[in-house]
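In case you want the letters, here they are:
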There are 2 protein chains.
Amino acid sequence: MSNAPEARARRPSGRRPVMLREIHEEPERVVTLIDRESAGLQKALQRFREIPPPLILVAGRGTSDNAATYGRYLFEHFAGIPVSGAALSLFTLYPAPMHLKDALAIGISQSGESPDVAAALQAARRAGAFTLAVTNSARSSLAKAADHTVLLHARKERAVAATKTYVAELAAMAMISRALDGEPRQSEIERLPGLIQAAIECETKIEEVAPYYRYAPRCLCLARGFNYATVREIALKLMETCYLGSAGMSAADFLHGPIAFVEEDTPVLSLAAMGPTYEFMLDLTKRLEGQGVDVLTFSNHKEVLKHSALGVHCPVRAREALTPIPFATLGQLFACHLALIRGLNPDAPRRLKKVTRTL
Amino acid sequence: MSNAPEARARRPSGRRPVMLREIHEEPERVVTLIDRESAGLQKALQRFREIPPPLILVAGRGTSDNAATYGRYLFEHFAGIPVSGAALSLFTLYPAPMHLKDALAIGISQSGESPDVAAALQAARRAGAFTLAVTNSARSSLAKAADHTVLLHARKERAVAATKTYVAELAAMAMISRALDGEPRQSEIERLPGLIQAAIECETKIEEVAPYYRYAPRCLCLARGFNYATVREIALKLMETCYLGSAGMSAADFLHGPIAFVEEDTPVLSLAAMGPTYEFMLDLTKRLEGQGVDVLTFSNHKEVLKHSALGVHCPVRAREALTPIPFATLGQLFACHLALIRGLNPDAPRRLKKVTRTL
């Protein structure tokens, strides 16, 4: 395939979208996050290395809920601590005391101004939990509600669609996991900016596949395990910026019903990272290939791409648990370029503001 | 509106679909479930009324995962016990020990033969949890892995799309909540079959609204709080039986992104039950009405229906926490009648078998 025309990366006005510029900032922002926050976080969570919390509560909305889901897989897998993803209405619309003594509660919000996330953290603190805010704003109500704040250092995010703050939230989850249990190792965390850079270097390949979905009527995004959060986030980005009806789901849940729904005009976007879920994703891809389904795969392994209608090979070398970070960047680039190709302005989705306040 | 023609409730072959017959059985099946299982369940969970579990783990796939989500709201709201919805791949693909001592683990599967749900229950038992199976098969591997089994008594479900077993799973969640904490009260549980019957009596109204969605290209299903599980399940039924691209989501998360995506040709199916979430759903309906979005609302309150393009008034009188049970029945009837109107056989969705085995 030839290089995509330069014009594709421009808005109708001819300007490069802010969303794209913010994606390109990600490696540098994550370097700053790791530099500035690692030591304080290690100290704040010291207590839990001696006596692990009986439970971790994670709370977020929209994009930050997907970061919470990634954290959940990390904390359960590495530290063996059960995680509850807060049902926020139980803290706001139906308030009732919850047993959270000695738990760790983590509230995640880019702006720190989603009142329901702050309410959950306040309630958890009253119930005896140690509270951690993950936010891009040190003066936010979320930061004020927390015992310790992990500041994202992503600088101001101007595009409505969260990109660099999402990737920073994911990196913060990996840092929290390390502070709890030593895994992933600090050397792996320090390699994250390089993994994100490798994803950004796949941009030309992404620009080449995006045009195929110019008129896609809908899309299903599939992965398993650690990348479940990533496909939820990619589906959200496709809805926000491309107005494409998308759902992100577990590839295992997909076999329990939604597989009935895919047909020739329903493309599937699939993530197949090397690691324990790879064989499952390879088998599923072959099955969908046999059914004539149009599968676009992002993978760091070439074999699965042979069974996909289209593929992007992203040569990140990392254990599967860390692939959601560069794979999120791939998905952001795809959503941004697809929006441009569909004649939309990815920086200003209709009906959305940067900060959404729900209670 | 006149009565819908009788032919609509027939398959192309002229036979009444099995799925519809099974929905009509629901009140009777739930009577049996309550009669046969209440006492044993009270006794099995006696220990937790003295010392509540620090955590409840719930595990299910597909439809049963939606039942697990409903259980989660009940247990957190009434008993204040944090709930973790098991990420099943963490028990199968990435097995690692989890801290679950003294916890209650609940595995939910109609067939009892989903190996990953059984694996999660076995792992929880090894980790020191008390294990409960909720299944329609007493001899299943899930029942064998559990300390106590709540048998659904739904009789054999022949349609591939789960209906009576889903409603029975929801009723079982309410019974478990009562056994843990006394709420909902036994008198409320005994009124459940009557609530389901009231939903079935709305069938004519549902047959009248279904034709409007004959050519709908996609659909978003919205609710908050207890009915979040219900809209996830309705979206799944619409995908399985109508091949309609649907996503069920929290109406609050919807405001954090997907609202950008709805437009004139994206109908929204909304559930607005009287109770703490009603005002939020009413405000959202008015906002969507102002944007010209085609909203179909199921509600037990007439006011919200005035702001909806189409509505089904279902006069169930129950607190909001119990409305997911009759509202699930409404959604099942809608999916079944819409499949018939779209010329599809709801009893045999393509590519699906009754029992899906994922590991």
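Rules of the game
- Residues numbered from 1 in each chain as written.
- Chains lettered and ligands numbered in written order.
- Predicted model: local features only at pLDDT ≥ 70, side-chain atom pairs only at ≥ 80, totals over all residues.
- Heavy atoms only, no water.
- Helix = DSSP H or I, 4+ residues; strand = E, 2+ residues; numbered from the N terminus.
- Buried < 20%, exposed > 50% of the residue type's maximum accessible area, 1.4 Å probe, protein only.
- Pairing = 2+ DSSP bridges.
- Phe/Tyr/Trp six-rings, centres within 6.5 Å; stacked < 30°, edge-to-face > 60°.
- Contact = heavy atoms within 4.5 Å.
- Buried area = accessible area lost by both parts, 1.4 Å probe.
- Salt bridge = Lys/Arg side-chain N within 4 Å of Asp/Glu carboxyl O.
- Polar contact = N/O pair within 3.5 Å; in protein donor to acceptor, adjacent residues only side chain to side chain.
- Nonpolar A, V, L, I, M, F, W, Y, C, P; charged D, E, K, R; others polar.
- Axes fitted to C-alpha atoms, helices over the stretch in contact; angles between N-to-C directions.
- pLDDT = per-residue confidence, 0-100.
- Core = buried A, V, L, I, M, F, W, Y, C linked by side-chain atoms within 4.5 Å.
- Patch = residues over 30% accessible without salt bridge, like charges linked within 9 Å, V, L, I, M, F, W, Y side chains within 5 Å.
- Areas by Shrake-Rupley, 256 points an atom, 1.4 Å probe, with all protein chains shown as cover.
- Lys, Arg positive; Asp, Glu negative; His and termini not counted.
- Charge placed at Lys NZ, Arg CZ, Asp CG, Glu CD.
- Least-squares fit on C-alpha atoms with pLDDT ≥ 70 in both.
- Domains from an automatic or database assignment.

A.B. asks: Explain unusual backbone geometry here, please?
C.D. replies: For residues besides glycine, phi is generally negative; the peptide bonds are generally trans as well. Between A:E183 and A:P184 the backbone carries a cis peptide bond, its omega angle lying at -10°. By the element assignment, A:P184 lies in the loop between α8 (164–181) and α9 (186–190). Even without being a glycine, A:H153 presents a positive backbone phi close to 55°. Within the secondary structure, A:H153 is located in the loop between β5 (148–151) and α8. Under the relative-accessibility criterion, A:H153 is labelled buried at 18%. Despite not being glycine, B:D102 has its phi angle at roughly 70°, a positive value.

A.B. asks: What is the right way to look at the pairing of strand β3 (residues 104–109) of chain A in this model?
C.D. replies: The two faces of a sheet get side chains in turn, since along a regular strand they alternate between them. Residue and element names in this part refer to chain A. Of all six residues making up β3, six are buried, and the element is well covered by its neighbours. Residues L104, I106 and I108 point to one face of β3 and A105, G107 and S109 to the other, with burial holding for every one of them. Judged from the four bridges that link them, strand β1 (residues 56–59) and β3 form a sheet pairing that is parallel. By the bridge assignment, I56 is partnered in β3 with L104. In the sheet, β3 pairs with strand β4 (residues 130–135) via six bridges, with the strands oriented parallel. Looking at the pairing, I108 lines up with V134 of β4.

A.B. asks: Help me understand the packing of aromatic side chains, please; the structure alone is not making it clear to me.
C.D. replies: Scanning the model with the defined rule gives ten aromatic pairs over all chains in all. Between A:Y213 and A:F334 the ring centres are 5.8 Å apart and the planes differ by 75°, which places this aromatic pair in the edge-to-face class. Within this pair, whereas A:Y213 is found in the loop between α11 (203–209) and β6 (218–223), its partner A:F334 is found in helix α16 (residues 324–341), the two being separated by 121 residues in sequence. According to the relative accessible area criterion, A:Y213 is buried, its value standing at 4%. On the basis of an interplanar angle of 80° and a centroid distance of 6.0 Å, the ring pair of B:F298 and B:F334 is categorised as edge-to-face. Residue B:F298 is found in strand β9 (residues 295–299), and its partner B:F334 is found in helix α16 (residues 324–341); the two are separated by 36 residues along the sequence.

A.B. asks: How do you make sense of the interface of chain B and chain A when you look at a structure like this?
C.D. replies: Put simply, an interface is often sized by how much accessible area is lost when its parts join up. Across the boundary between the two partners, chain B contributes 66 residues, which contact 66 residues of chain A. Among the residues of chain B in contact with chain A, B:Y94, B:H256 and B:R351 are the three that bury the most area, contributing 14% of the side total. Notably, a salt bridge pairs B:R61 with A:D253, separated by 3.5 Å at the nearest N-O pair. The tally of links between chain B and chain A comes to 23 residue pairs in polar contact (both at pLDDT 80 or more). Of all elements in the fold, only α4 (63–79), β2 (83–85), α5 (89–92), α12 (228–242), β7 (245–250), α13 (251–255) and α14 (278–290) of chain B reach the threshold of two or more residues within the side of chain B that touches chain A. Here the side of chain B that touches chain A takes six residues from α4(B), the largest share from any one element. Of the residues contributing to the side of chain B that touches chain A, the split by class is 34 nonpolar, 18 polar and 14 charged.

A.B. asks: Where do I start with the sheet that holds β2(B) in this structure?
C.D. replies: Through backbone hydrogen bonds, the strands of a sheet pair up, either in parallel or in antiparallel fashion. Residues and elements named next belong to chain B. Pairing within the open sheet is parallel, and its five strands lie in the order β2-β1-β3-β4-β5. Of all strands in the sheet, those bounded by a partner on one side alone are β2 and β5 (148–151). Geometrically, the sheet is characterised by an average inter-axis angle of 20° between neighbouring strands, direction not taken into account. Lying over the sheet, helix α8 (residues 164–181) contacts β1 (56–59), β3 (104–109), β4 (130–135) and β5, oriented at roughly 165° with respect to β3.

A.B. asks: Looking at this model, I keep getting lost on the confidence of the model for chain A. Mind explaining?
C.D. replies: Low pLDDT marks stretches whose predicted atomic positions should not be read closely. Residue and element names in this part refer to chain A. Averaged over every residue, the pLDDT of chain A is 93; the share at 70 or more is 96%. Considering only residues more than four positions removed or in separate chains, one finds that residues 1–8, a stretch of pLDDT under 50, has 13 contacts. Overall fold confidence (pTM) sits at 0.92, and the ipTM for the predicted complex is 0.88.

A.B. asks: Would you mind showing me how to read the nonpolar core here?
C.D. replies: Across soluble globular proteins, nonpolar side chains have a tendency to be buried as a group. All names here are of chain B. If you look at the biggest cluster of nonpolar residues, it comprises 95 residues, and the most contacted ones within it are L45, F75, I106, I176, L238 and F334. Here this core gets twelve residues from one element, more than from any other, and that element is α8. Not counting residues within four places of it along the chain, the set of residues in contact with F75 comprises I56, V58, G80, I81, V83, I106, M173, I176, S177 and L180.

A.B. asks: Honestly, a positive patch on the surface in this entry has me stumped. Any pointers?
C.D. replies: All names here are of chain A. There is a patch of like positive charges on the surface, built from R15, R21, K156 and R158. Here R15 is to be found in the segment before α1 (18–24). Of the residues examined, R15 reaches a relative accessible area of 51% and is grouped as exposed.

A.B. asks: Help me understand the relation of the copies chain B and chain A, please; the structure alone is not making it clear to me.
C.D. replies: Copy one and copy two of the chain differ by a rotation about a common axis and a shift along it. With an RMSD of 0.0 Å, the fit of chain B onto chain A corresponds to turning through 180° and sliding 0.0 Å along the axis. Within this description, the copies of the chain are treated as partners about a two-fold rotation axis. Closest approach to the rotation axis among the C-alpha atoms of chain B is made by B:S84, whose C-alpha sits 2.2 Å away.

A.B. asks: I tried to follow the domain arrangement of chain A on my own but got confused; where do I start?
C.D. replies: Residues and elements named next belong to chain A. In terms of domain boundaries, chain A breaks down into domain 1 (21–190) and domain 2 (195–341). Taking only C-alpha atoms, the centre of domain 1 and the centre of domain 2 are 26 Å apart. Counting residues at the interface gives 26 residues for domain 1, matched by 25 residues for domain 2. Both faces combined, the contact of domain 1 with domain 2 buries some 2,100 Å², and carbon together with sulfur accounts for 67% of it. It is I23, Y70 and Y73 in domain 1 that bury the most area against domain 2; as a group they hold 25% of the surface buried on that side. Along the contact surface separating domain 1 from domain 2 lie two salt bridges. E188 is the partner of R319 in a salt bridge, and the nearest nitrogen-oxygen pair spans 2.8 Å. The interface formed by domain 1 and domain 2 holds ten residue pairs in polar contact (both at pLDDT 80 or more) in total. At eight residues, the largest contribution of residues to the side of domain 1 that touches domain 2 is made by helix α4 (residues 63–79).

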